[in-house]
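Residue-level structural notes
Each chain, letter by letter, is given below.
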Amino acid sequence: MFATVTLELLKGFVETLKIFLLTVGFSVPLGVVICMGSMHRFTPLRVLVRGLVWVIRGTPLMLQLILIFYGPSLLFEVQGFDRFTAVIVAFSLNYACYFSEIYRGGYSSIPVGQFEAGRVLGMSKTQIFFRVILVQVVKNVLAPMGNEFITLVKDTALSRTIAIYEVTYMGQSFIKKGLLWPLLFTGVFYLLFSGVLTVLFSKLEKKLSYIRS
Amino acid sequence: MALLEVRNLEKSFGETKVLKQVSFSLEQGQVLVIIGSSGGGKTTLLRSLNGLETPDSGEILVGGIPAKGRSDAFGLVFQNYNLFPQYTALQNVTLAPTLKKKGTKAEIRQQATELLNRVGLSDKVDHYPSQLSGGQQQRVAIARALAMQPQILCFDEPTSALDPELTEEVLQTILDLRKEGRTMIVVTHEMGFAKSVADVIMYIADGVIEEMGTPEQLFDHPESEKTRSFLQHAKVEWEAM
């Protein structure tokens with residue numbers, strides 16, 4: 001029995017892992033784009049992007065997920081996303097908005113003297129950004145990003161709302177058979193996963209700890 | 001011909017005029033020290049020379065050519081050093097010359113090592129800024145500025161952020177550079193140091209050059225009432241330290 005349950009949960013965990021990795025893969029770079037928009041000099045663009053961030057951060061991810069899955073066909077009568085794609089779109093957009101704010105904070109906290117030092121040394125804006133600023137921003141955002149990654153691990157469970165067979169869904173499916181422990185067992189998967197991430201991030205933080213101004 | 005020629009420099013921030021018709025010149029090898037109260041315009045003048053502020057009007061010529069956009073005209077050493085924390089002392093010095101292709105990698109490295117040696121940090125080349133004291137960081141910053149071979153090296157209150165026991169090593173470095181015949185502009189509050197390093201002293205108040213002359217002229221026989229009053233106050237503070 002234990003082997004059967006573990007196997008089923010592992011199948012679900014593969015889905016969880018796919019959602020996690022794809023969301024990270026899309027939202028980390030998309031966050032940069034949104035961050036650039038939210039800091040842009042052109043006011044209408046800035047207002048628009050900040051409005052989007054406000055809406056996404058101010059409403060439940062579950063609501064966004066449902067809307068993205070059912071919205072296109074019910075509102076516009078067009079073919080919408082399949083279930084899995086809808087999850088990736090909703091999660092990526094949601095997390096990108098959170099990341100964009102973390103990036104913005106990480107960038108804003110770079111002392112202006114760093115930019116000026118680059119300028120008086122004759123470096124171009126691009127050179128200053130890539131050679132001086134970027135690593136410092138990465139260092140600044142590492143801890144809050146680690147937090148978000150761990151939140152994402154657990155948020156993947158929301159995808160069961162539109163019937164994605166991720167690990168919580170699989171665990172819950174055993175309740176029909178009168179078994180509760182498989183659901184509790186899913187907790188081990190989440191704990192192990194977030195444990196690995198915690199170790200990974202603290203290693204990265206340690207690696208960049210020599211950067212102190 | 002003077003190495004530096006500044007003509008009718010004007011700069012306002014909003015309604016406030018920070019520099020009013022500032023004109024002066026500096027000869028090759030001279031050290032100019034700028035003194036004055038906070039908010040008088042001395043830092044704005046220095047930042048304008050270095051391209052960190054855009055003057056509203058006026059001209060800045062180095063060797064007869066406008067300084068704007070040239071990285072070989074001025075170098076600047078900041079009050080807070082502003083070293084790049086992710087790079088070692090040596091990498092801080094080599095970064096800009098490498099990007100600007102000032103020579104081969106080996107040449108740039110060689111030159112940077114020599115510069116760090118000259119500021120007394122030959123044993124710290126592989127240290128990160130966070131592993132250095134304030135005085136050591138400031139000396140790396142001096143080496144970094146020198147690596148771009150600027151014609152005029154500027155210092156913006158180079159010792160204000162340092163503990164008193166660390167200022168000496170930085171001031172000594174600047175005095176050594178003077179001996180080498182470097183043209184320098186130093187903004188400072190250290191009157192004793194100003195006196196010892198300057199060929200010319202400029203007192204700026206309310207965006208105007210109130211008085212300019214040799215240290216003897218300015219400190220011992222100030223012409224303007226404002227200069228006299230400023231020096232009186234500075235002297236009281238200086239002696240109180």
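Just above sits the structure.
Residues numbered from 1 in each chain as written. Chains lettered and ligands numbered in written order. Predicted model: local features only at pLDDT ≥ 70, side-chain atom pairs only at ≥ 80, totals over all residues. Heavy atoms only, no water.

Observations regarding the packing of helix α2 (residues 43–58) of chain A against helix α4 (residues 83–108) of chain A
All names here are of chain A. As a packed pair, α2 and α4 sit with axes 9 Å apart at the nearest point and diverge in direction by 120°. What the angle tells us is that α2 and α4 run oblique. As for the relative orientation of α2 and α4, their crossing is left-handed in sense. Residues R50, L52, V53, I56 and R57 of α2 form the contact with α4, whose own contacting residues are L93, N94, C97, Y98, S100, E101 and R104. Looking at the contact of α2 with α4 residue by residue, the class counts come to six nonpolar, two polar and four charged. (Axes fitted to C-alpha atoms, helices over the stretch in contact; angles between N-to-C directions. Helix = DSSP H or I, 4+ residues; strand = E, 2+ residues; numbered from the N terminus. Parallel < 35°, antiparallel > 145°, perpendicular 65-115°, else oblique. Left-handed = near helix turned anticlockwise from the far one by under 90°. Contact = heavy atoms within 4.5 Å. Nonpolar A, V, L, I, M, F, W, Y, C, P; charged D, E, K, R; others polar.)

Description of the sheet that holds strand β3 (residues 31–35) of chain B
All names here are of chain B. Spatial ordering of the open sheet is given by β6-β7-β8-β3-β9-β10, a layout of six strands whose pairing is mixed. Each of the sheet's edge strands pairs with one partner strand only, and the pair in question is β6 (74–77) and β10 (208–213). Strand-to-strand twist across the sheet, computed as the mean angle between neighbouring axes with direction ignored, equals 20°. (Pairing = 2+ DSSP bridges.)

Comments concerning helix α5 (residues 112–120) of chain A
The α-helix winds at 3.6 residues per turn, so residues separated by three or four positions along the chain end up facing the same way. Turning to α5(A), its buried residues are G113(A), Q114(A), E116(A), A117(A), G118(A) and V120(A). Of the surrounding secondary structure, the elements contacted by the buried residues of α5(A) are α6 (125–155) of chain A together with α1 (42–49), β6 and α4 (134–147) of chain B. Positive backbone phi, approximately 80°, marks G122(A), located one or two places after α5(A). (Buried < 20%, exposed > 50% of the residue type's maximum accessible area, 1.4 Å probe, protein only.)

Focus on the interface of chain B and chain A
Each side of the interface is counted separately: chain B has 23 residues, and chain A has 19 residues. Of the roughly 2000 Å² buried between chain B and chain A, counting both surfaces, carbon and sulfur atoms make up 61%. Seen at the junction of chain B and chain A, the total is one salt bridge. Residue R47(B) pairs with E116(A) through a salt bridge whose shortest N-O separation is 2.6 Å. Applying the counting criterion to the chain B and chain A interface returns 10 residue pairs in polar contact (both at pLDDT 80 or more). Listed by contribution, the elements that provide at least two residues to the side of chain B that touches chain A are β6, α2 (89–99) and α4 of chain B. Sorting elements by how many residues they give to the side of chain B that touches chain A places α2(B) first, with three residues. (Buried area = accessible area lost by both parts, 1.4 Å probe. Salt bridge = Lys/Arg side-chain N within 4 Å of Asp/Glu carboxyl O. Polar contact = N/O pair within 3.5 Å; in protein donor to acceptor, adjacent residues only side chain to side chain.)

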